[in-house]
Each structure stands twice: as structure tokens, then as C-alpha cells.
Amino acid sequence: MGQQSLIYSFVARGTLILSEYTEFNGNFTSISVQCLQKLPATNNKFTYNRDGHTFNYLVEDGFSESDLSSVAYCVVSVESIGRQVPIAFLERIKEDFTNKYGGGKAATATANSLNKEFGSKLKEEMQYCVDHQEEISKLSKVKAQVSEVKEEMLKNIEKAFDRGIKIDNLVDKTENLRFQAQDFHKVGTQIRRKMWLKNMKIKLIVLGIIIALILIIVLSACGGFNCGK
């Protein structure tokens with residue numbers, strides 16, 4: 001398969017194209033910029049389908065037309081090639097562009113001023129990705145699997161963390177119950193003591209009444225029978 005699978009590519013700062021490359025005639029530039037302006041600010045990868053072609057974008061930290069430091073990478077491809085090869089191309093171009101320019105020259109470059117320096121790199125990477133589609137597809141699958149495993153691990157860590165919090169809450173509740181039990185035991189002991197004292201008072205009063213009755217009965221009996229004689 002020839003380079004016709006990847007048709008047009010560019011690097012832009014905001015909507016200002018700094019470098020671009022294509023071997024074909026067409027309105028790729030105008031449509032690409034129009035699509036770029038519609039990119040959601042929250043996405044860093046996005047693909048539009050139009051007339052049998054895909055317009056693929058990779059944006060650093062979300063696209064913002066007013067943010068001059070927002071660099072966007074685009075490649076137009078035939079729809080039949082899929083999404084893996086275009087995205088792989090964009091990731092390679094982003095790495096090359098960042099290593100070469102970083103936050104320096106790219107921040108002040110004018111329209112198409114980097115064509116001479118970077119246009120050949122766009123051509124080179126387009127050809128490489130088309131020539132190594134099978135290799136790129138396998139690598140993309142491996143990356144997807146790694147990402148899936150990573151996400152699953154993060155979910156498990158989050159679940160473990162949540163369980164840890166729940167365990168801590170359970171420990172706190174247990175400690176609170178223990179303190180409440182201790183307080184209840186103290187209050188219960190105090191109540192039992194009060195009840196014991198109350199019962200003892202009642203018993204002493206009853207005992208006193210009984211003794212008094214016995215004395216009255218004894219004295220009455222003695223008086224009737226002249227106990228003193």
C-alpha cells in the first residue's frame with residue numbers, strides 16, 4: 001500500500017498552521033482547520049469522518065483557539081486504513097516536534113515558517129507508518145492491553161482504598177461502642193450501688209419497725225403478767 005493511505009498532515013499552534021505536507025491536491029487544509037475549530041476542549045484525541053476520509057487530531061492538553069501554546073497535530077487518511085495507523089503517526093510526530101522545538105521556536109513561529117525544517121519529517125513519518133501498518137497494529141493492541149490492565153489495577157487500588165476507609169470507619173465505630181459500653185458499665189455500677197443503698201435503708205427501716213413491734217409486744221406482755229416481779 002502506498003502513501004495515498006495518509007493524504008495530508010500538519011502541525012498547528014491554535015489554528016495557525018506551522019508546517020504541513022501533502023502530495024495531493026484538494027481542500028484538505030480548509031476542512032482540517034474547520035474540524036480543528038470544532039474539537040471538544042476536553043479531548044486530546046479526536047476523529048471526524050467525511051466523504052470516505054478521516055480527519056484525525058492529537059492535541060496537547062485540549063484544544064483552545066485562543067491559547068497560543070496549544071499545539072495540534074492532524075493527519076487526513078482514507079477511511080479504510082482505520083484509526084490505529086493515523087493515531088500512531090500523530091503520536092510519533094508529536095514526539096518529534098516536541099523534541100525539536102519544545103516551548104521555544106514553536107511558540108513564536110509564523111504561518112508555514114517550519115515547512116522547510118519539519119515538512120520532510122511529516123513526509124518521512126507518513127511513509128514509515130504506511131509501510132509498517134501490521135507492526136503498528138500489533139503495537140497498538142499491546143498498548144491497549146497494557147492500558148486495560150493499568151485501568152483494572154487502578155480500579156482495584158481504589159476499591160482497596162475504599163475498603164481501607166470502610167475498615168477505618170468500622171474500627172472507629174467499634175472504639176466508640178467500646179467507650180459507650182464502658183460508660184454504660186460505670187453508670188450501671190452507680191445505679192446498682194444506689195439501689196443497694198436504697199434497699200439497705202428499706203431493710204433497716206423494716207428491721208427497725210419489726211424490732212419496735214417486738215419490744216412493744218414484749219413490754220405489753222410484761223405489763224399484763226407483771227414481768228418485773
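Now for a look at the structure at hand. (Residues numbered from 1 in each chain as written. Predicted model: local features only at pLDDT ≥ 70, side-chain atom pairs only at ≥ 80, totals over all residues. Heavy atoms only, no water.)

**A closer look at the pattern of salt bridges**
So, step 1. Counted by the stated rule, this structure contains five salt bridges.
So, step 2. E124 serves as the salt-bridge partner of K121, at 3.5 Å between the closest nitrogen and oxygen. Of this pair, K121 and E124 both sit in helix α3 (residues 115-131), three residues apart, roughly one helical turn.
So, step 3. Residue classification places E124 among the partly exposed residues on the basis of a relative accessible area of 47%. (Salt bridge = Lys/Arg side-chain N within 4 Å of Asp/Glu carboxyl O. Helix = DSSP H or I, 4+ residues; strand = E, 2+ residues; numbered from the N terminus. Buried < 20%, exposed > 50% of the residue type's maximum accessible area, 1.4 Å probe, protein only.)

**A look at the packing of aromatic side chains**
So, step 1. Counted by the stated rule, this structure contains eight aromatic pairs.
So, step 2. Seen from their ring centres, F46 and Y48 are 5.0 Å apart, and the 55° between their planes marks the pair as tilted.
So, step 3. Ring centres 6.0 Å apart and planes at 65° place the aromatic pair Y101 and F118 in the edge-to-face group. Remark: F118 occurs in helix α3 and Y101 occurs in helix α2 (residues 84-101); sequence separation between them is 17 residues.
So, step 4. For Y101, a relative accessible area of 8% gives the class buried.
So, step 5. Classification of F118 by relative accessible area gives buried; the value is 1%. (Phe/Tyr/Trp six-rings, centres within 6.5 Å; stacked < 30°, edge-to-face > 60°.)

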